[in-house]
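Below are the chains, spelled out letter by letter.
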Amino acid sequence: MHLCFALAKVYEDLGKQDDQFKFLHEGNRLRKEELSYSHDKSESLFAVVRKLFSSPPVIEKSNYKISTIRPVFIVGMPRSGTTLVEQIIASHYAVHGAGELDILIKLIFPIVKDRLTHDTNGLSEEIFLSIRQQYLDSVSRFNVPENVITDKMPLNFRWIGFILTAFPEAKIVHLKRDAMATCWSIYKNYFRGTGIDWAYSVDDLAGFYGLYNDLMFFWHQLYSDRIYDICYEDLTTNQEEETRNLLEYCELDWDENCLNFHNNKRAVKTSSALQVRQKMYQGSSEAWKKHEAYLQPLIKALSFYDVNIS
């Protein structure tokens, strides 16, 4: 499996597309076989989340314990630019970049799974206050001087309703990127762990992207004024203006270091680690087009889920 992904990269660099895609498809096939992903389970999970927030819960402000920590949650599909945006924000003198934290999924997934199993409606105020306290207790252990902390776990987009209810002071930064650019970048990469188990087949990948697309539309309907969308392509072509707007949303003053994010030496543990050590570059979202003839099954699958292909 690892050999197949490595050879696919070698043949891509050599411009030998037939060999590239032969090994890429085989590597993905082996990985899918190893993980046994079920689209039906994802569909059920997303449906339960939507059901739980069909009537958004409201909690009295007086019941929140005030915290000096201000979390910024950076969400979106993997390979959509979330690492880049965290690197930009974390270059600010008042921000600590915490990377991909698994705190929320450990707190929220069991709650959703329980509702999935027992078909229980509603979420109590105590649940949200508990999520809040446990999360803040966890991040406070970083013991850093900065009070703004970024949490860049892309798939936290699934929990936006939980986040905005439990953390009224939180900022949600949602990365938007061309669908084909995102999906092609996912399909060509191997991901450690099992959290991205939907990435290794064209149909599974397109199906999950469709679920993401629908859920983000749902969240925007509920919380239109509390989710900040930033377009990856706009960021790469208009870096300073987009960075200024981003910092303004996060209620941070201007810091020139955010333009020089590539000089930030903080540890980055995602597959974008090398990219964020370089200056901003353009055109990566067009890279898939040179493989368009080989990517017709993915284009067709995304179209089936009403995803726009640019």
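Calculation criteria
- Residues numbered from 1 in each chain as written.
- Predicted model: local features only at pLDDT ≥ 70, side-chain atom pairs only at ≥ 80, totals over all residues.
- Heavy atoms only, no water.
- Helix = DSSP H or I, 4+ residues; strand = E, 2+ residues; numbered from the N terminus.
- Buried < 20%, exposed > 50% of the residue type's maximum accessible area, 1.4 Å probe, protein only.
- Lys, Arg positive; Asp, Glu negative; His and termini not counted.
- Salt bridge = Lys/Arg side-chain N within 4 Å of Asp/Glu carboxyl O.
- Contact = heavy atoms within 4.5 Å.
- Arc of directions from axis to C-beta.
- Axes fitted to C-alpha atoms, helices over the stretch in contact; angles between N-to-C directions.
- Parallel < 35°, antiparallel > 145°, perpendicular 65-115°, else oblique.
- Left-handed = near helix turned anticlockwise from the far one by under 90°.
- Nonpolar A, V, L, I, M, F, W, Y, C, P; charged D, E, K, R; others polar.

Chemist: Help me out: how do you make sense of the side chain of Glu242 in this one?
Modeler: By the secondary structure assignment, Glu242 is in helix 11 (residues 239-249). One buried charged residue, Glu242, forms no salt bridge at all, with the nearest opposite charge on Lys176 at 11 Å. Aside from chain neighbours lying at most four places away, what touches Glu242 is Tyr228, Ile230, Asp234 and Leu235.

Chemist: What exactly am I supposed to notice about helix 11 here?
Modeler: Residues separated by three or four positions in an α-helix point in the same direction, a consequence of the helix having 3.6 residues per turn. Every buried residue of helix 11 is listed here: Glu242, Thr243, Leu246, Leu247 and Tyr249. The arc enclosing the buried residues of helix 11, seen along the axis, measures out at 155°, which places them on a common side. For helix 11, the elements touching its buried residues are helix 4 (82-90), strand 4 (171-176), strand 5 (227-231) and helix 10 (232-237). Downstream of helix 11 by one or two residues, Glu251 has phi in the positive range, about 60°.

Chemist: Would you explain the environment of Ala8 in this entry?
Modeler: Here Ala8 is to be found in helix 1 (residues 2-14). What makes Ala8 buried here is its relative accessible area of 5%. Sequence separation between Ala8 and Asp18 is 10 residues, and the spatial gap between their C-alpha atoms is 9.7 Å.

Chemist: Even after reading the chapter, I still don't get unusual backbone geometry, so can you show me in this structure?
Modeler: A negative phi angle characterises most non-glycine residues, just as the trans form characterises most peptide bonds. In this structure, Asn143 is a non-glycine residue whose phi angle is positive, near 50°. Assignment of secondary structure puts Asn143 in the loop between helix 6 (125-140) and strand 3 (148-151). The phi angle at Asp306 is positive, at roughly 60°, despite the residue not being glycine. Secondary-structure assignment places Asp306 in the segment after helix 12 (296-304). Here Asp306 falls in the exposed class, since its relative accessible area comes to 66%.

Chemist: I keep staring at the packing of helix 1 against helix 2 (residues 17-35) and nothing clicks. Help me out?
Modeler: In a packed pair of helices, the relevant descriptors are the angle between the two axes and the axis-to-axis distance. Two elements in contact, helix 1 and helix 2, have axes whose closest approach is 8 Å; the angle formed by their N-to-C orientations is 160°. Our classification of the angle between helix 1 and helix 2 gives roughly antiparallel. Here the hand of the crossing between helix 1 and helix 2 comes out left-handed. On helix 2, the residues that touch Cys4, Phe5, Leu7, Ala8, Tyr11 and Glu12 of helix 1 are Asp19, Gln20, Phe23, Leu24, Glu26, Gly27 and Asn28. A breakdown of the residues in the contact of helix 1 with helix 2 according to their chemical character gives 7 nonpolar, 3 polar and 3 charged.

Such coordinate-based values are descriptive only and should not be taken to indicate function.
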